[in-house]
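Observations on the three-dimensional arrangement
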Amino acid sequence: MGLSAEDERAASPRDEEWPEAEKAEKLARGAALKWASGVFYRPEKLEGLGQYRSRETQRNSSIQSRLKSTVQSYLEGVSAGLEQLRSAAQEVQSLCQDLGAARWALLNTTDRFQSLQQMRALMAEHVQLASVVQVLPQLFSVQEVFSHTLQLLHGQQLLEAHAELMMMEHLRDDILSQLQLRGFSSAQATVLSYFSGLQELNDTLAKQLWDIVGSSLHLVHEDPVLFVSAVRIIEREEKIDNTLLLEATFLPPGRPKGWRQKFYHVLQETITGSHFQALRMDTEGSGLAGHLAKLQKGIVSELRVVKDLMVQCVPAHYNILSVCTATFHQALSSHLQDILREDLDKQALFLLLEWALHVYHSQEMMGHPDLLPEVDVSALGPLMSPELVDQTERKYVMKVKASVLEWMQRTLEVEFKEWFREEEPETDHQGFFQSALPIIVMQMLKENIQVASLITESLRQKVYNMALEELEAFLGRLREALVQCGKEHQKDRSVPKYYMSYLLATLNNNLALSSSVSSLHPDTACREVPLSLRAAFDRTQKKACQLLLEELLLDLQPLCLQLHSRKWLSGSQLVSSMCEVIDKYAKDFSRVRRPVFMGLDQSQQSLEAVFALQELICLKDPALLSLEVLGFITKYPDVSDEHISTLLDIRGDVSKEVQHMVLDMMAQHPQVVPEGYRPIFSTILVPVPELPFCLRKGKCA
């Protein structure tokens, strides 16, 4: 397996030339030795040494033959490459010689190229003239084409007319671009003058197109072909515009036309002009209701046409249904704002709020089954902004307030006149005096609140607050009317004839109004009556009670002037007369509902206590005082010993023994104040007895 000395000497120059080969050979020797030592480390393995040697010899021979064939193929390729390089070098050398000869030939013929410049100029002129010759027939027929195109337009043959118009525009634009390219810009004015008829044709065609677009909602029913032709022409012009804008080399005069945007603009103007030009008379009275009903019907009808017919006549990217829906929405919003700038009455304001907030989105209009689901106005925003709704609601509340104020004033005037009638006020089934005032006032307020609740919760709350304010103001005017009536009565107590009865009816009316206020608001959690309104009810009740008591005192005043007189102490009919007056008023006071009657009844009890005191003072037999005082303290348990002592002193005929006997009897029968008893004597202070009169230098008696 090792190499001979000759092989080593033959390999040494190669090793010096290829050090990598030497390194590889050493590695191979090491690997072979390692393998051999691993295989033949036992003696019995040496028997197969010959087999291993022959196998390795065959393998080396195979490897060497493959290496030889590979090297041979590389050598053949290198030989072919060298041959090609040799041939290329010869060709390059020949080419250099030819180029040198051509260079010298060109240098010798430089003067001759100057004559070619003239030929080049002649050639360019020839090309231009050839181009002109080619378009001369078209140029000579321009005016004829103009006339023919105009005839086609008058005959509404729009597509044919537009085709000839495009041909003329293309001819003009081609000539203008060539002039600009070759620097003949000064000649463009002549070309534009020659083709000046194109502008007239463009204007005529555009006018017909916009007339067609303006009548599109009718044409899609009657003659959709004409509308489709107009849309096709608009699309042709839009493509030409886009192409010229993309090239950005030459932009002919009048470009871009922008006819698609003009299409949208004309369509929007048509919608706006045909529906939203209401006259001033339409915003007053029933005219506004008719105007809104007409709008509702017209908008739904035209959107149906757009959805069912027009959509099929225009390209899908036009989004014609969405454009028309948005146009109707925006135009209607602006139209409502214009109407709201007028001085509208409350019916008109209510109608606008109801129509914008409820009818517009209902199935009767934009939510119509024939329009869904393609038509959707929810993404377009509200028809009336929240600020405009709030402003309109406030206007409505002001109008309602003025109306309520007027009606309440009329009601009060009628009520005031009824106080001077020659008959008593009406009574209810329980016999209490009353009038129609509470029913009229509360029904008026309830109806306005209920009507407002049909719009929004905020409007209902606004009207509710206004109703409470107006009710409070009404109570103030009612008190003023009571005062005025009282003054008239003071001048002549026979006027009004049933003064007391109508005062009692006013008390009942005030109580009815007070108890009905909480029913104005449908929400039980919001029914709390404001403190200012409660105070107004209290002031009205006190004013009526004050007038009643003043009337009572006027009747009692002549009799009260006789108290503590000899006539009163002598037991004349004075007491009976006072009792008759009190009984009469007590009977009248019973026509008032509780709790007002209780207040009046308490005043009557005070008067009754006065008369009981009179009987006690006028008692002729002092021996019966104990029994009389016992009955008195039983009826009035809050009377004290000091009160009784003072009363006995007032009599002046009660001895000390009788007085002590009466006081002892009171001590033996202490009284307990029952529940619900209204104190009378406990609020009366007993004056401190005065000292007896004494002379300056003498002793007191």
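Per chain, the residues get numbers from 1 upward, laid out in the order the sequence is written. Confidence filtering applies because this is a predicted model: local features only for residues at pLDDT of at least 70, side-chain atom pairs given and counted only at 80 or more, and all residues used for totals across whole chains, interfaces and linings. The basis for the side-chain values is all heavy atoms of the structure; hydrogens and waters are excluded.

**A word on the side chain of Thr 327**
By secondary structure assignment, the location of Thr 327 is in helix 13 (residues 320–340). Overall, Thr 327 belongs to the buried group, its relative accessible area being 7%. The secondary structure listing takes helices from DSSP runs of H or I that are at least 4 residues long and strands from runs of E that are at least 2 residues long, numbered from the N terminus. The rule is simple: take the accessible area with a 1.4 Å probe, protein chains only, and divide by the maximum for that residue type; under 20% is buried, over 50% is exposed, in between is partly exposed.

**Side note on the side chain of His 329**
Relative to the helices and strands, His 329 resides in helix 13. For His 329, a relative accessible area of 4% gives the class buried. The contact criterion used throughout is that any non-hydrogen atoms of two residues lie within 4.5 Å. Beyond its immediate stretch of four places on either side in the chain, His 329 contacts Tyr 360, Val 377, Leu 380, Gly 381, Pro 382 and Leu 383.

**Brief notes about the packing of aromatic side chains**
Any two rings among Phe, Tyr and Trp, with Trp reduced to its six-membered ring, count as a pair given centres within 6.5 Å; such a pair is stacked if its planes are under 30 degrees apart, edge-to-face if over 60, and tilted if neither. Scanning all chains against the criterion turns up 10 aromatic pairs. Aromatic pair Trp 355 and Tyr 360: ring centres 6.3 Å apart, planes at 45°, arrangement tilted. Assigned by exposure class, Trp 355 and Tyr 360 land together as buried. Clustering of aromatic rings is evident, with ring pairs tying together Phe 227, Phe 263, Tyr 264 and Tyr 318. Over a ring means this: the NZ of a Lys or the CZ of an Arg is within 6 Å of the ring centre and within 35 degrees of the ring normal. One Lys or Arg, Arg 103, reaches over the ring of Trp 104 and ends 5.9 Å from the middle of that ring. Its end group placed over the ring of Trp 259, Lys 257 keeps NZ or CZ at 4.8 Å from the ring centre.

**Topic: the environment of Ser 458**
Tracing the backbone through its elements, the reader meets Ser 458 in helix 17 (residues 457–491). Sequence-wise, Ser 458 and Glu 393 are 65 residues apart; in three dimensions their C-alpha atoms are separated by 8.5 Å. Under this definition, polar contacts are N or O atom pairs within 3.5 Å; protein pairs additionally need one hydrogen-donor-capable and one acceptor-capable atom, and for neighbouring residues in sequence, both atoms have to be side-chain atoms. Looking at Ser 458, its side chain comes within polar contact range of the side chain of Thr 456, at 3.1 Å.

**Focus on empty space enclosed by the protein**
Cavity means a closed set of points on a 1 Å grid over the protein atoms alone, one where a 1.4 Å probe fits but cannot get out, pocket means an open set with protein on both sides within 12 Å along at least 5 of 7 lines, and lining means a residue has an atom within 4 Å of a point. Grid points are joined across faces, edges and corners, and a volume is the space filled by probe spheres set on the points. Using the criterion set out here, one finds two cavities of 30 Å³ or more in the structure. Empty space within the second largest cavity amounts to approximately 40 Å³. Surrounding the second largest cavity, Trp 419, Leu 482, Cys 485, Pro 496, Tyr 499, Tyr 502, Leu 503 and Thr 506 form its lining. Contributions of two or more residues to the lining of the second largest cavity are made by helix 17 and helix 18 (499–516). With four residues, helix 18 is the largest single contributor of residues to the lining of the second largest cavity.

**Focus on the packing of helix 14 (residues 346–359) against helix 15 (residues 386–418)**
In contact at an axis separation of 9 Å, helix 14 and helix 15 are set at 150° when each is read in the N-to-C sense. In terms of their interaxial angle, helix 14 and helix 15 are classed as roughly antiparallel. The crossing of helix 14 and helix 15 is left-handed. Judged by residue contacts, Lys 346, Leu 349, Phe 350, Leu 353 and Leu 357 of helix 14 engage Val 389, Thr 392, Glu 393, Lys 395, Tyr 396, Lys 399, Val 400 and Ser 403 from helix 15. Looking at the contact of helix 14 with helix 15 residue by residue, the classes come out as seven nonpolar, two polar and four charged. In this description, a line fitted to the C-alpha atoms serves as the axis of each element, helices being fitted only across the stretch in contact, and the angle between N-to-C directions of two axes falls anywhere from 0 to 180 degrees. Orientation labels follow simple angle bins: below 35 degrees gives roughly parallel, above 145 gives roughly antiparallel, 65 to 115 gives roughly perpendicular, and whatever is left gives oblique. Note on convention: the crossing is left-handed when the near helix lies turned anticlockwise from the far helix by less than a right angle, right-handed when the turn is clockwise. Charged means Asp, Glu, Lys or Arg here, nonpolar means Ala, Val, Leu, Ile, Met, Phe, Trp, Tyr, Cys or Pro, and polar covers whatever is left, Gly included.

**Concerning the pattern of salt bridges**
Where charged atoms from two side chains of opposite charge approach closely, those side chains can pair. Any carboxyl oxygen of Asp or Glu that lies within 4 Å of a side-chain nitrogen of Lys or Arg is treated as forming a salt bridge with it. In total, this model carries 25 salt bridges according to the counting rule given. Residue Arg 410 pairs with Glu 406 through a salt bridge whose shortest N-O separation is 2.5 Å. Remark: Glu 406 and Arg 410 occur in helix 15; sequence separation between them is four residues, near one turn of the helix. As a salt-bridge pair, Arg 493 and Glu 551 come within 2.5 Å of each other at their nearest N and O atoms. Note that Arg 493 is positioned in the loop between helix 17 and helix 18 and Glu 551 in helix 19 (residues 531–560), a separation of 58 residues in sequence. Under the relative-accessibility criterion, Glu 551 is labelled buried at 8%.

Honestly, that's just the spatial picture; any functional story needs more than this.
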